[in-house]
Amino acid sequence: MSHDMSENLPEAHDASHGTDVATHGDPFADPGLPAHEPRRTDIDERAAQRAERQVSLMFVVSMLATVGFIASYASIDADKIVYIFPLGHVSALNFALGMTLGVALFCIGAGAVHWARTLMSDHELPAERHPIEADDDVRNDVIEQFKTGAAESGFGRRKLIRNTLFGSLALVPLSGVVLLRDLGPLPEKKLLHTGWVEAEPSKPLRLVNMNTDQPMKAEDIVQGSLTFAKPEGLEESDEDFQQQIAKDALMLVRIAPEDIKDAKSRDKGFEGILAYSKICTHVGCPISLYEQQTHHALCPCHQSTFDLADGARVIFGPAGHPLPQLKITTDEQGFLVATGDFDEPVGPSYWERPR
Ligand code: FES
């Protein structure tokens, strides 16, 4: 049965558009756009110039804030603490960097918004629905509209705005560039060697248990356990202990020699005792979990998993290369010793890493 919806509609009156829907018979009729009202800056050239100066002022303030950021970074002591209400005691450097960078970015955004609201064209254009793929006519039309928009925005004509915008956008990235200084000096050859470099075949270095602080004999390392070791002579009281242990730390496992798949790895060990770097090759977390059945060591940070029975090959996770292995043997008294450094740098990859 044919049914005209408008018959059931009350004689509604759309107050917002002043349209009597019952009269027109189409409740969804396009009310069209309200008449365009020119802004003050559209009809008053002095108002437009004032708006132009305001926009430029914001871009200039952005530039000054960026200069302030760099000056703060260069001149304020990183340890300086100041009292700022209502924040309380804060780092003067952090406060200055945050404020200046915030002002620099805010002024660029605020300037762009003010420019769009006061000087760019504010004619509303209905966007008709159309197939997603545009035909050539539409594309040409878009290009034409873009050119018109660019012309109406005054981007080419209002050189003061354009130039100050370019200036502020060019300066803002400098804030990020100066922060690169915090990366510190290049490591050069410091990462190539660990504390084990002092070990020589004629002057071996004993492996000391990190928990008991005692040198270890081969019989102290039992199958299924994970033991952590440091080089003889490295003491917690040493000034550079943290720096050194981050490179020197070892983990020792004992695996039945017939279960060791990698012959090279077996040769570097002693009777199935293998000494690997404890420092994960992803981003350097200390590895601390060992699964004795599979001989897998797991890094708790991002779950990189290394097969210690197969040259500490990476079998899962983001680590880029196997854990370096330290060649060990025993001295005349039966203590486990190293006779040289690792063959490769320990820890994560870095630019100058040989391989
Ligand atoms: S640091 Fe070990 S997996 Fe990321």
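Residues numbered from 1 in each chain as written. Predicted model: local features only at pLDDT ≥ 70, side-chain atom pairs only at ≥ 80, totals over all residues. Heavy atoms only, no water.

Right, let's get into the sheet that holds strand 6 (residues 273-277). Read across the open sheet, the seven strands follow the order 11-6-5-4-3-13-12; overall the sheet is antiparallel. Edge strands, defined here as strands with exactly one partner in the open sheet, are strand 11 (325-326) and strand 12 (328-330). As paired elements, strand 12 and strand 13 (residues 336-338) share three bridges and run antiparallel to each other. Bridge pairing in strand 13 links Thr 330 to Leu 336. (Pairing = 2+ DSSP bridges. Helix = DSSP H or I, 4+ residues; strand = E, 2+ residues; numbered from the N terminus.)

Burial analysis of strand 3 (residues 205-209) places five of its five residues in the buried class, the great majority of the element. Pairing between strand 3 and strand 13: two bridges, direction antiparallel. Bridge pairing links Leu 205 to Ala 338 in strand 13. Of the pairings in the sheet, the one linking strand 3 to strand 4 (residues 227-231) comprises three bridges and is antiparallel in character. If you follow Asn 209 over to strand 4, its bridge partner there is Ala 229. (Buried < 20%, exposed > 50% of the residue type's maximum accessible area, 1.4 Å probe, protein only.)

Bringing the nonpolar core into the picture now. In terms of nonpolar packing, the biggest core is built from 20 residues, with Met 251, Ile 255, Ile 287, Phe 306, Leu 308 and Leu 323 touching the most fellow members. Elements with a contribution of two residues or more to this core: strand 5 (250-254) and strand 6. In this view, Leu 323 contacts Met 251, Tyr 276, Ser 277, Ile 279, Cys 280, Thr 281, Ile 287, Phe 306, Leu 308, Gly 311 and Ala 312; residues no more than four positions away in its chain are not counted. (Core = buried A, V, L, I, M, F, W, Y, C linked by side-chain atoms within 4.5 Å. Contact = heavy atoms within 4.5 Å.)

Per the UniProt annotation, the sites labelled "domain: Rieske" (unreviewed entry) are residues 242-337. The distance separating the terminal C-alpha atoms of residues 242-337 is 22 Å; by composition the span is 14% helix and 31% strand. (UniProt positions renumbered as here; feature names shortened; annotations may be inferred.)

Taken together, Leu 174, Val 177, Leu 180 and Leu 183 make up a surface patch of nonpolar side chains, about 390 Å² in accessible area. Note that Leu 183 resides in the loop between helix 7 (159-179) and strand 3. (Patch = residues over 30% accessible without salt bridge, like charges linked within 9 Å, V, L, I, M, F, W, Y side chains within 5 Å. Areas by Shrake-Rupley, 256 points an atom, 1.4 Å probe, with all protein chains shown as cover. Salt bridge = Lys/Arg side-chain N within 4 Å of Asp/Glu carboxyl O.)

Glancing now at the UniProt feature "transmembrane region" (unreviewed entry) in the chain. What UniProt calls "transmembrane region" (unreviewed entry) maps, in this numbering, to residues 55-76, 96-116 and 160-180. Taken end to end, residues 160-180 comprises 95% helix and 0% strand; its first and last C-alpha atoms sit 32 Å apart.

A word on unusual backbone geometry. Following Phe 85, the chain continues to Pro 86 via a peptide bond in cis, the omega torsion being 0°. Residue position: Pro 86 is located in the loop between strand 1 (81-84) and strand 2 (88-91). Of note in this structure, His 295 is not a glycine but carries a positive phi near 65°. Among the secondary structure elements, His 295 is positioned in the loop between strand 7 (289-291) and strand 8 (296-298). For Gln 303, which is not glycine, the phi dihedral falls at a positive 65°. For Gln 303, the position within the fold is in the loop between strand 8 and strand 9 (305-307).

This next bit is on a negative patch on the surface. On the surface, a cluster of negative charge is made up of Glu 133, Asp 135, Asp 137, Asp 141 and Glu 144. Along the chain, the position of Asp 137 falls in helix 6 (residues 136-152). Owing to a relative accessible area of 61%, Asp 137 belongs among the exposed residues under this scheme. (Lys, Arg positive; Asp, Glu negative; His and termini not counted. Charge placed at Lys NZ, Arg CZ, Asp CG, Glu CD.)

Let's shift gears to the domain arrangement of the chain. Each domain of the chain was delimited in the assignment, giving domain 1 (33-183) and domain 2 (195-338). A C-alpha centroid distance of 56 Å is found between domain 1 and domain 2. (Domains from an automatic or database assignment.)

Let us look at helix 6. If you check helix 6, its first and last C-alpha atoms are 24 Å apart, about what 17 residues at 1.5 Å a residue would give, namely 24 Å. Two or three places before Asp 137, at the start of helix 6, stands the capping residue Asp 135, its side-chain oxygen 3.2 Å from that residue's backbone nitrogen. One or two steps after helix 6, the chain reaches Gly 154, where phi turns positive at roughly 75°. (Expected span 1.5 Å × (residues − 1). Polar contact = N/O pair within 3.5 Å; in protein donor to acceptor, adjacent residues only side chain to side chain.)

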